[in-house]
Amino acid sequence: MHKKKIASVTLLATAALLTACGQNKGASSSKQVMKTAVTGEISTLDSSKYGDTISSETLQNSMEGLYRFDKKGQARLAGAVKVTKSKDQKVYTFTLRKNAKWSNGDPVTAQDYVIAWRRTVDPKNDSLDSDSYQVIKNGTDIVAGKKKVSSLGIKALGKYKLQVTLENPIQYLPDLLTGAQFYPQDTKIVKKYGSSYGTSSSKLVYNGPFTVSQWTGSNLKWTLKKNKTYWNAKSVSLSAVKVQVIKTTSTGLNLYKGGQLDYAPVDSDYVKQYEKNADYHTKTTPTNGYMVFNLKRKTTGNVHVRRAISLGVNKQELVKTVLHSGKAAQGFVASDFIYDENGKDYRTSAGKLMTYNLKQAQKEWALAKKQLGKSKITIELLTSDMDASKRVGEYLQSNLMKNLPGLTVKLRSIPLKSRLADTSKHNFDMVYGTWQPSFQDPIDYLTIGGLFNLESDYKNSTFWKEINQAKSTYATQPAKRQASLIAAEKQLIQKDAFAAPLYQAGVSYLLKSKVTGFRLSPYGTVAYYWDVKIK
């Protein structure tokens, strides 16, 4: 499987503190400082190597690519001022913003994009987001070591002219290019620091709304400072965002109650306690909670076993009693996230797939036991050892053993890194995880989506035919393309039950009313600071 970060549903804890000075009536505060807590550490500020939510949030606030999400969650040109497409919609030519500069004063040039993108696809860098480059010409072959890095479909046509060539036309390129893995890197700075580029806040420069300071590479505090060289600096109200790592929700909530934070995350253990608070907010995200089965093992290789388990989980009860936010999954592709050219939700068009159906689940389970020649079956469920994952695992264990007579579910909870490794090595029966999309298109869910070992293990010709048609033959025919994607999802999830959708994750938090302009990304896990103002 292509390497992909499996995003745990972790909300980035953010806070704001107003520092007011005595001024004339109507004057704004002299210092806009936001005090923020996050739940994990930065792994790297190298946009070619990051693989975690905290690093992604820091990069998205301090860097800028060709596009950026606007206040409505739509991708708009940012680092570029103009784009043209070839007749076959495979070649994009971007005119870059001439007033864009790095924080050291260097201009942001086309070559800065070329060097960054090539570093990300270079197998030597072992990027966790190199799979995003499948859509760029030769991207897949370069990552696989079959072609030279220099053959990637990106070329500097001049200092401020950039050409991007795709494998096939895609409608979601603007959304995709908002991602940190497509940011530019100052060519001069990359050459200066080499392998240590991005390993601390001083070993790179920034072209976004903020710069990063005081991050040494391992410490638990850092600061985002307003970037005076940012081309749109006048729109940024905050002078600084002070960030510290707070790993327990209770600590963050205590700081919030004590007035030391204006924003704090609320995880599932605390939702009931705070859901009626005036400061409480919740949002359903497009992040999936799901299970994947090991097709190489006899028991989980049986389609009736997989269908029984997919249908036999009471997903609404899971959300209500364990998660307390989000909603039960209606399919593998999220609802209220992807819309067609007529504004209709993809999920509505595709219908509900593998929702809870105890009667049908027990029919499939009876068929499974008959085919396997067993009245009692034991299956291991693999999860990470994070508390939230273990709680979901315990619910799945109890619910499935209750609903499917003769089933024993054994739990194995291990560190996330080990869980990912065991899954890739086929050392599991079924595995629970969460996954956050990179762009707003069903193809992301159906070909990456946290679907471990999909390409190596899943050989259904109908599915791959529909996927390939969506990628190529119907790439510029939206209605036919969507029909192929719907057919592919039904084959993968409903007929073959390669994976079992469980829920769409939610995020919940407390936010003081004095903080305005605070936003989460369209994917729900990254906080945007550049529009924040403290009243």
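Everything discussed here concerns the structure shown above.
Described in the following lines is the structure provided in the data block. This one's a predicted model, so the numbers in the text were calculated from it and none came from an experiment.

**A look at the sheet that holds strand E7 (residues 154–158)**
Paired through their backbone hydrogen bonds, the strands of a sheet run either parallel or antiparallel.
Then, in step 1: Read from one edge to the other, the open sheet built from 4 strands follows the order E5-E6-E8-E7, with strand pairing classed as antiparallel. Of all strands in the sheet, those bounded by a partner on one side alone are strand E5 (80–85) and E7. The sheet shows a mean angle of 25 degrees between the axes of neighbouring strands, taken without regard to direction.
Then, in step 2: Where E5 meets strand E6 (residues 91–96), 5 bridges bridge the pair, whose relative direction is antiparallel. Across the sheet, Lys82 pairs through a bridge with Thr95, a residue of E6.
Then, in step 3: Lying over the sheet, helix H2 (residues 110–121) contacts E6, E7 and strand E8 (161–165), oriented at roughly 165 degrees with respect to E7.

**Points about empty space enclosed by the protein**
Then, in step 1: As enumerated under the stated definition, the model contains 4 cavities of 30 Å³ or more in all.
Then, in step 2: Around the largest cavity, the lining residues are Glu64, Gly79, Leu96, Arg97, Ala100, Lys101, Val108, Tyr113, Asn207, Tyr230 and Trp231.
Then, in step 3: Across the lining of the largest cavity, the residue classes break down as 6 nonpolar, 2 polar and 3 charged.

**What to know about a positive patch on the surface**
Then, in step 1: On the surface, Lys31, Lys35, Lys225 and Lys242 cluster together into a patch of positive charge.
Then, in step 2: Here Lys242 lies in strand E11 (residues 240–245).
Then, in step 3: The partly exposed category is assigned to Lys242, whose relative accessible area is 39%.

**Side note on the packing of aromatic side chains**
Then, in step 1: Summed over the entire model, instances satisfying the criterion amount to 19 aromatic pairs.
Then, in step 2: Measuring from centroid to centroid gives 5.9 Å for Tyr509 and Phe518, while their planes differ by 65 degrees, and the two rings are edge-to-face.
Then, in step 3: Classification of Phe518 as buried rests on a relative accessible area of 12%.
Then, in step 4: Positioned above the aromatic ring of Trp530 is the side chain of Arg68, whose terminal nitrogen or guanidinium carbon lies 4.2 Å from the ring centre.
Then, in step 5: Looking at Lys512, its charged tip hangs above the ring of Tyr256, at a distance of 4.4 Å from the centre.

**Topic: the packing of helix H9 (residues 315–323) against helix H12 (residues 387–403)**
Then, in step 1: Between H9 and H12, whose axes approach to 11 Å, the crossing angle comes to 135 degrees. The orientation of H9 with respect to H12, classified from their angle, is oblique. Crossing geometry of H9 relative to H12 is assigned as right-handed. On H12, the residues that touch Glu317, Leu318, Thr321, Val322 and Leu323 of H9 are Arg391, Val392, Tyr395 and Asn399.
Then, in step 2: Each residue belonging to the contact of H9 with H12 can be placed in one class, and the counts come to 5 nonpolar, 2 polar and 2 charged.

**Here's the deal with the side chain of Asp429**
Then, in step 1: Mapping Asp429 onto the fold places it in the loop between helix H13 (416–424) and strand E17 (430–435).
Then, in step 2: When its relative accessible area of 14% is taken as the criterion, Asp429 is described as buried.
Then, in step 3: For Asp429, the side chain forms a polar contact with the side chain of Arg297, separated by 2.8 Å.
Then, in step 4: Excluding residues within four positions of it along the chain, Asp429 makes contact with Val292, Phe293, Asn294, Arg297, Thr300, Ile379 and Glu380.

**Points about the packing of helix H8 (residues 303–312) against helix H11 (residues 358–372)**
Then, in step 1: Two numbers describe how H8 lies on H11: the axes approach to 8 Å, and their chain directions differ by 155 degrees. It follows that H8 is roughly antiparallel to H11 by the angle criterion. Along this stretch, H8 crosses H11, giving a crossing that reads as left-handed. From H8, His304, Val305, Arg307, Ala308, Leu311 and Gly312 reach across to H11, where they touch Leu358, Gln360, Ala361, Glu364, Trp365, Leu367, Ala368, Gln371 and Leu372.
Then, in step 2: For the contact of H8 with H11, the per-class residue count stands at 9 nonpolar, 4 polar and 2 charged.

Conventions used here
Residues numbered from 1 in each chain as written. Predicted model: local features only at pLDDT ≥ 70, side-chain atom pairs only at ≥ 80, totals over all residues. Heavy atoms only, no water. Pairing = 2+ DSSP bridges. Helix = DSSP H or I, 4+ residues; strand = E, 2+ residues; numbered from the N terminus. Axes fitted to C-alpha atoms, helices over the stretch in contact; angles between N-to-C directions. Contact = heavy atoms within 4.5 Å. 1 Å grid on protein atoms, 1.4 Å probe; cavity = no way out; pocket = protein on both sides within 12 Å on 5 of 7 lines; lining within 4 Å. Points joined across faces, edges and corners; volume = space filled by probe spheres on them. Nonpolar A, V, L, I, M, F, W, Y, C, P; charged D, E, K, R; others polar. Patch = residues over 30% accessible without salt bridge, like charges linked within 9 Å, V, L, I, M, F, W, Y side chains within 5 Å. Areas by Shrake-Rupley, 256 points an atom, 1.4 Å probe, with all protein chains shown as cover. Salt bridge = Lys/Arg side-chain N within 4 Å of Asp/Glu carboxyl O. Lys, Arg positive; Asp, Glu negative; His and termini not counted. Charge placed at Lys NZ, Arg CZ, Asp CG, Glu CD. Buried < 20%, exposed > 50% of the residue type's maximum accessible area, 1.4 Å probe, protein only. Phe/Tyr/Trp six-rings, centres within 6.5 Å; stacked < 30°, edge-to-face > 60°. Lys NZ or Arg CZ within 6 Å of the ring centre and 35° of its normal. Parallel < 35°, antiparallel > 145°, perpendicular 65-115°, else oblique. Left-handed = near helix turned anticlockwise from the far one by under 90°. Polar contact = N/O pair within 3.5 Å; in protein donor to acceptor, adjacent residues only side chain to side chain.

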